[in-house]
Amino acid sequence: MEALNAFKRNEYTGENRCTPCTAVNVGIAIILAGAAGVAAGTGVGIVFFLVALALIYFRGYLVPGTPALTKRYLSASVLELFGKEPVAGRASRSIDADAATEEQLVAIGALTDAEAPALTDSFATAWEAAIEGIRSEDIDESVLRTLFGTDDVSRHAATGAVIDGNQSIRWISEWALIADVAAGRLLAERGSGWETLSPNDRIALLRSLRLFIRVCPACGGTIDVTERTVDPCCERPHTLIEVACSDCETPLADDAVVGIDDDAPGRLRAIRE
Ligand SMILES: [Zn+2]
């Protein structure tokens, strides 16, 4: 068993097994075993197939380099069939989705400009005052109904809700939720079409806005923006952005964008600065 464990590639098996890579390799094994069976007899074909399956089981793949190959050649839609949802969709949909979110926030005076976005001073001041105002408020379902403009909201635990029966939202912390309620009230006050937005669009705007928060709603501390890169199997590398208080460490926002380092989108570089 020791020898088998040494042979086993943990990065491609068990929890880390890549379903599309495994499927592609089993397909290749069937074709090669069939060819071997025709050329050298059925017995050889069967033995070849069993050895190939063992290799796939213990090493995660038969053909070396498969993880990189599926990442490059299998389209996102095929990978989704295997449950490989892109990282960007998993974390949040705001910043990478389209420029429109930031442009809307610029249009309503919350961000300075879409190319190098930052909170405008007037919005930042009003947002902090609004957060202060609701600090002790009970954020119940009626507050969330107003925030998302729909009657169908059910609260789940302190930081989750289901909207319109099918869309679930999870906030990264209770303070992130409070920041969103405060920002939603400000955006509603300022008009600019907030009332006409769907719950989805409101969520996207609030998530995007929260990436730029300047002051911790929990303790008034300064904000740290950290980044780390992830290179998941079968997907392009991503940069994860995490926005948290530098004093009390309350997490406030996060996002994932496709691309790392110089390949990262311009808007990500703007947040870094
Ligand atoms: Zn704090």
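To keep things clear, this report deals only with the structure shown in the data block. The model shown is predicted, which means the values in this text are computed figures rather than measured ones. (Residues numbered from 1 in each chain as written. Predicted model: local features only at pLDDT ≥ 70, side-chain atom pairs only at ≥ 80, totals over all residues. Heavy atoms only, no water.)

### Here's the deal with the overall build of the protein
Tallying secondary structure elements over the protein gives twelve helices and six strands in all. In the protein, which comprises 273 residues, the share counted as buried stands at 40%. In the protein, the share of contacts with a sequence separation of at least 24, taken over all contacts with a separation of at least 6, comes to 58%. Of the accessible surface of the protein, which amounts to about 13,900 Å², a share of 54% is contributed by carbon and sulfur atoms. (Helix = DSSP H or I, 4+ residues; strand = E, 2+ residues; numbered from the N terminus. Buried < 20%, exposed > 50% of the residue type's maximum accessible area, 1.4 Å probe, protein only. Contact = heavy atoms within 4.5 Å. Areas by Shrake-Rupley, 256 points an atom, 1.4 Å probe, with all protein chains shown as cover.)

### So, the pairing of strand E5 (residues 238-245)
Burial of E5 is extensive: six of the eight residues sit out of reach of the surface. Summarising the sheet, strand E4 (residues 223-230) and E5 pair through eight bridges and their orientation is antiparallel. Across the sheet, residue Val225 finds its bridge partner in E5, namely Val243. Where E5 meets strand E6 (residues 251-258), seven bridges bridge the pair, whose relative direction is antiparallel. (Pairing = 2+ DSSP bridges.)

### Things to note about the coordination of the zinc ion
Looking at the metal site, the zinc ion is ligated by Cys216 (SG), Cys219 (SG), Cys245 (SG) and Cys248 (SG), spaced 2.2 to 2.3 Å from it. Between the four donor atoms coordinating the zinc ion, the angles at the centre fall across 102 to 116 degrees, so the site counts as tetrahedral. Expressed as a motif, the donor residue spacing for the zinc ion is C-x2-C-x25-C-x2-C. Of this pair, Cys219 sits in the loop between helix H11 (199-210) and E4 while Cys248 sits in the loop between E5 and E6, and the two are 29 residues apart along the sequence. Taking the relative accessible area as the measure of exposure, Cys219 reaches 41% and is therefore partly exposed. (Donors = N, O, S within 2.8 Å, 3.2 Å for Na, K, Ca; no water. Tetrahedral: all angles 85-135°; square planar, octahedral: opposite > 155°, others 65-115°.)

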